[in-house]
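Tertiary structure, described
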Amino acid sequence: MTDRGISADLRRELEAALGDQVRFDEPMSRHTSWRVGGPADVLVQPTSENALATFLALWPEEAPVHWIGLGSNLLVRDGGIRGAVITSKKLPHDLNRLDDTRVSASVGLPCTALARQLLRWNLGPSEFFAGIPGSLGGALTMNAGAHGHETWEVVESVRLVTRKGETIVRAADTFEVAYRSVTGHDSSWFIGATLSFDADYVPSRERMQALQDKRRTTQPLGLPSCGSVFRNPPGDHAARLIEAAGLKGRRIGGAEVSPKHANFIINAEAASAADIEQLIETVAGEVKSQHGISLRHEVRFLGDGR
């Protein structure tokens, strides 16, 4: 490794082994839902688990590795990311029924596609997955949820890949799971999960459609955002607190607190990552000042500088 970027020899090895599955000095603005972010030294888009294992075997053990899904709930700073970024979005979107109540799914599968197929199989609770932006991998990483349910409620076990490219299986109860938080998988990444559903629960197409309609009418879909920026504090909603603080429509540079949903920050006009991060800090500061409540962000920050 060099101070910035990779050596010519390693670059040649990666290109020979992975072809167009690897890119160098790749702008992360192309791979995040906020459409901002400086370049990653290396971006890897494996199309198979074998390709993923090949990359990890070649990549120096001391060099940084970062894993992302579809790039939602992620802010990449303008200085970019040192080391390698692996994205799961081109991994197979596998979903297989195992028995009457269980399925296996790969992490590249979009949550909306997962919800639709589970509904066809009459498995639930599953409608809530339609309200989660991004892929199953991201949902597993942060215990994403919507409409009163969370991802890890239905997780039986997970498959992970280690830093050395080895695949392991672990039961759900070996992790510490909380609201928007999952710990216990350092130096390994989710690549699949077995999900188990309630045999007595009857999912409803009408319920899922109503949830999707509510999302369309209350959230700024179609505009660059990360989904919800802040976690809901106990007994309250971040959006209510932000709106009550008079922050809807507040702008810094090209970043704006959505006039439609106060817990969304949108890239309204060629925002930089620094604009967005400063606005996040401003919103949290105003809510703390006016309500005495410290908001915690759901957003994951990666990269250098502001």
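Above this note sits the structure.
Here the structure is a predicted model, which means the values were calculated and not measured. (Residues numbered from 1 in each chain as written. Predicted model: local features only at pLDDT ≥ 70, side-chain atom pairs only at ≥ 80, totals over all residues. Heavy atoms only, no water.)

Quick word on the pairing of strand β3 (residues 65–68)
Our working rule: Each residue's exposure class comes from its accessible area (1.4 Å probe, protein chains only) as a fraction of the maximum for that residue type: buried when under 20%, exposed when over 50%, partly exposed otherwise. Numbering goes from the N terminus for both helices and strands, where a helix is a DSSP run of H or I of at least four residues and a strand is a run of E of at least two. Each pair of strands is called paired provided DSSP finds at least two bridges between the two strands.
Taking every second residue as pointing to the same face, both faces of β3 are buried, with V65 and W67 on one and H66 and I68 on the other. Two strands pair when backbone bridges link them, and β3 and strand β5 (residues 81–87) are joined in this way by 4 bridges, in the parallel orientation. In the strand pairing of β5, W67 is matched with I86.

Description of the sheet that holds strand β16 (residues 255–257)
Judged by pairing direction, the sheet is antiparallel, and its 3 strands sit side by side in the order β15-β16-β17 without closing on themselves. Since the sheet does not close on itself, it has two edges, and those belong to β15 (251–252) and β17 (265–267), each with one partner. In this structure, β16 lies alongside β17, joined through 3 bridges in antiparallel fashion. Across the sheet, the residue bridging to A255 is N267, located in β17.

Remarks on the environment of E243
Here is the rule we go by: Whether two residues touch is decided by their heavy atoms; if any such pair falls within 4.5 Å, the residues are in contact.
Counting through the fold element by element, E243 comes out in helix α6 (residues 238–244). Residues E243 and P259, 16 residues apart in the sequence, show an inter-C-alpha distance of 9.1 Å. The residues contacting E243, other than those within four sequence positions of it, are K248 and A262.

Looking at the pairing of strand β14 (residues 188–196)
Of all 9 residues making up β14, 8 are buried, and the element is well covered by its neighbours. Judged from the 5 bridges that link them, strand β7 (residues 102–106) and β14 form a sheet pairing that is antiparallel. Among the inter-strand pairings, S104 is bridged to a residue of β14, identified as T194. Pairing of strand β10 (residues 155–162) with β14 involves 7 bridges; the strand directions are antiparallel. Opposite L160, over in β14, you have F190 as the bridge partner.

As for the pattern of salt bridges
Heads up, the rule is: The salt bridge criterion pairs a side-chain nitrogen of Lys or Arg with a carboxyl oxygen of Asp or Glu, the two atoms within 4 Å.
All told, the structure shown has 17 salt bridges when counted by the stated rule. Between D99 and R102 there is a salt bridge whose closest N-O contact spans 2.8 Å. Here D99 falls in the partly exposed class, since its relative accessible area comes to 30%. In this structure R102 comes out as partly exposed when scored by relative accessible area, which is 25%.

Observations regarding the sheet that holds β7
Backbone-to-backbone hydrogen bonds join strands into a sheet, with any given pair of strands oriented parallel or antiparallel. In plain terms, the rule: All axes are obtained by fitting lines to C-alpha atoms, using only the stretch in contact for helices, and the reported angles, taken between N-to-C directions, cover 0 to 180 degrees.
Ordered by their spatial adjacency, 5 strands build an open sheet running β6-β7-β14-β10-β11, and the pairing between neighbours is antiparallel. On the outer flanks of this sheet lie β6 (95–97) and β11 (167–171), each paired with one strand and no other. Averaged over neighbouring strand pairs, the angle between their axes works out to 20 degrees when direction is ignored. Here β10 runs beside β11; their pairing, made up of 5 bridges, is antiparallel. By the bridge assignment for β11, S157 is matched with A171. Where helix α2 (residues 49–58) meets the sheet, it contacts β10 and β14, and its direction lies at approximately 45 degrees from that of β10.

Digging into unusual backbone geometry
With an omega of 5 degrees, the peptide bond between G124 and P125 qualifies as cis. Within the secondary structure layout, P125 lies in the loop between α3 (111–120) and α4 (136–142). Of note, the phi angle at R35 is positive, near 60 degrees, even though the residue is not glycine. Along the chain, R35 turns up in the loop between β1 (22–27) and β2 (39–44). Not every positive phi belongs to a glycine, and S187 is a case in point at roughly 60 degrees. Structurally, the position occupied by S187 is in the loop between β13 (181–183) and β14.

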